[in-house]
Amino acid sequence: MRDSVTVHMAASPAQVWALVSDVTRIGEFSPETFEARWVGGATGPAVGAKFRGHVRRNQVGPVYWTTCRVEVCEPDREFAFTVLGPGGMSINRWSYRLEARDGGTDVTESFELAAIAPLRLYWTALGWARGRRNHNDMATTLNRMKIAVEHG
């Protein structure tokens, strides 16, 4: 119920951080989330800040909004948020971890589904397909970010 992808970018951690923590740009990079906006008075990344993401599942539908809450906000190191379900329960955690390496930055995007019964059942039945999709989409997202930050 978790996976990660790492891509090396020829850019500083600060340059990459500016990109991954700006949720309003996610539509440029993600195959599924085509827009996001800060909500509840938030104007940028901070622990506890919330944003809404507009998702087109599997790039075809259904289309829906998710509410997310920033959990980790360490400039030049890590940006992580949880997707909130009913009652504000965390159902999925997404993270971007940055590590300076070889004059650039290794960027690791990861996800981890919450270990709750409905998600375990879903993962048992359809996890192979969703896991492959998430893995491929993380690679696509990071490689699109790489192009933007290196050639931007």
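Here goes a summary of the coordinates provided. (Residues numbered from 1 in each chain as written. Predicted model: local features only at pLDDT ≥ 70, side-chain atom pairs only at ≥ 80, totals over all residues. Heavy atoms only, no water.)

Let's shift gears to the pattern of salt bridges. Within this structure, the stated rule accounts for eleven salt bridges. One salt bridge connects Asp-106 with Arg-101, and the closest N-O pair in it is separated by 2.6 Å. Note on Arg-101: relative accessible area 35%, which makes it partly exposed. Within this structure, Glu-32, Arg-133 and Asp-137 form a network of salt bridges that share partners. (Salt bridge = Lys/Arg side-chain N within 4 Å of Asp/Glu carboxyl O. Buried < 20%, exposed > 50% of the residue type's maximum accessible area, 1.4 Å probe, protein only.)

Take the environment of Gly-104 next. Its place among the elements puts Gly-104 in strand 7 (residues 104–113). In sequence terms Gly-104 and Ala-11 are 93 residues apart; their C-alpha atoms lie 4.8 Å from each other. When neighbours within four sequence positions are excluded, Gly-104 is seen to be in contact with His-8, Met-9, Ala-10, Ala-11 and Glu-99. (Helix = DSSP H or I, 4+ residues; strand = E, 2+ residues; numbered from the N terminus. Contact = heavy atoms within 4.5 Å.)

In this section: unusual backbone geometry. Positive phi values are uncommon outside glycine, yet Asp-76 reaches one of about 70°. Examined against the element boundaries, Asp-76 turns out to sit in the loop between strand 4 (63–74) and strand 5 (78–84). Although it is not a glycine, Asp-102 sits at a positive phi angle of roughly 50°. Structurally, Asp-102 can be placed in the loop between strand 6 (90–101) and strand 7.

With that settled, the discussion passes to the sheet that holds strand 7. Here we have seven strands laid out as an open sheet, ordered 1-7-6-5-4-3-2, and antiparallel in their pairing. This sheet does not close on itself; its edge strands, each paired only once, are strand 1 (2–9) and strand 2 (33–39). Here the strands of the sheet are splayed against their neighbours by 25° on average, with no regard to which way each runs. Strand contacts of helix 1 (residues 13–20): strand 1, strand 4, strand 5, strand 6 and strand 7, with the helix running at about 160° to strand 6, the strand carrying the most contacts. (Pairing = 2+ DSSP bridges. Axes fitted to C-alpha atoms, helices over the stretch in contact; angles between N-to-C directions.)

So, on to the nonpolar core. Within the largest apolar cluster, 32 residues are counted, with the highest numbers of intra-cluster contacts made by Phe-79, Tyr-96 and Met-145. Of all the secondary structure elements, the ones that give two or more residues to this core are strand 1, helix 1, strand 2, strand 4, strand 5, strand 6, strand 7 and helix 2 (117–151). Those residues within four positions of Tyr-96 in sequence are excluded, and the remaining contacts are Val-20, Ile-26, Arg-77, Glu-78, Phe-79, Phe-81, Val-107, Thr-108, Glu-109, Thr-141, Leu-142 and Met-145. (Core = buried A, V, L, I, M, F, W, Y, C linked by side-chain atoms within 4.5 Å.)

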